[in-house]
Amino acid sequence: MNLRDWALVAAAGGAVIAVIELLFIGWRLRADHDWNRRVTALRFGFGDDPSITAIRVRLNRELDVGGDRTPREVTLEQIQDAASSTYPEVEGEITLLLNKLEYMCVAIENRIADEKTCREMVGGIAILYHRLFRPFIEEKRDYFRRDTIYQHLEHYAHRWSTKPLPRRGKTG
């Protein structure tokens, strides 16, 4: 083999190593992206925010929306009765919770947050609140004449209530 042949072998070897390195970098970038989506999903949990916990306790006390009770819809009359008597901020607090869930669902839809992580953390709450506050959601859609209000929450609440939770592999 002459010098020219050795140069071709070295160039071919370098090209193979470069392709392998590019494949590895692509795999690492995908893994980092998935990890970041999971970390972002943690921001949508309800457990670490005392104000959200306080709102949920008030809603449970005033409207019976938590615990082991059978879920049913909360009527607009119940919400208005609570607002006019002991819980004037009820509509704002329901809106705040539904908005937080909608933001999470938009983040999932746009691949900013990991669906499985969000579902494991607050999927049950999303399904429950969508079902309980359906009349409230419909009233907001009618009032603002926009069918898209809470559409992402509706989509994921339906999806999660009809599809079993998939198993996740170990994080590598």
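If you're wondering where the values come from, they're calculated on a predicted model, not measured in any experiment.

1. As for the nonpolar core
- Counting residues in each nonpolar core, the largest one holds 38 residues, and the members touching the most others are Leu-59, Leu-63 and Phe-133.
- Elements supplying a minimum of two residues to this core: helix 2 (50-63), helix 3 (76-84), helix 4 (90-109), helix 5 (115-132), helix 6 (134-144) and helix 7 (151-162).
- If you tally residues by element for this core, the top one is helix 4, at nine residues.
- In contact with Phe-133, not counting residues within four places along its chain, are Leu-59, Leu-63, Val-65, Val-74, Ile-79, Ile-94 and Leu-98.

2. Remarks on the packing of helix 1 (residues 3-41) against helix 5
- Where helix 1 meets helix 5, the axes come as close as 8 Å, and the angle between the chain directions of the two elements is 25°. Overall, the two elements helix 1 and helix 5 adopt an arrangement that is roughly parallel. For helix 1 against helix 5, the interelement crossing comes out right-handed. Between helix 1, through Arg-37, Arg-38 and Ala-41, and helix 5, the contact on the second element is made entirely by Glu-115, Thr-117, Cys-118 and Met-121.
- Each residue belonging to the contact of helix 1 with helix 5 can be placed in one class, and the counts come to three nonpolar, one polar and three charged.

Analysis parameters
- Residues numbered from 1 in each chain as written.
- Predicted model: local features only at pLDDT ≥ 70, side-chain atom pairs only at ≥ 80, totals over all residues.
- Heavy atoms only, no water.
- Core = buried A, V, L, I, M, F, W, Y, C linked by side-chain atoms within 4.5 Å.
- Buried < 20%, exposed > 50% of the residue type's maximum accessible area, 1.4 Å probe, protein only.
- Helix = DSSP H or I, 4+ residues; strand = E, 2+ residues; numbered from the N terminus.
- Contact = heavy atoms within 4.5 Å.
- Axes fitted to C-alpha atoms, helices over the stretch in contact; angles between N-to-C directions.
- Parallel < 35°, antiparallel > 145°, perpendicular 65-115°, else oblique.
- Left-handed = near helix turned anticlockwise from the far one by under 90°.
- Nonpolar A, V, L, I, M, F, W, Y, C, P; charged D, E, K, R; others polar.

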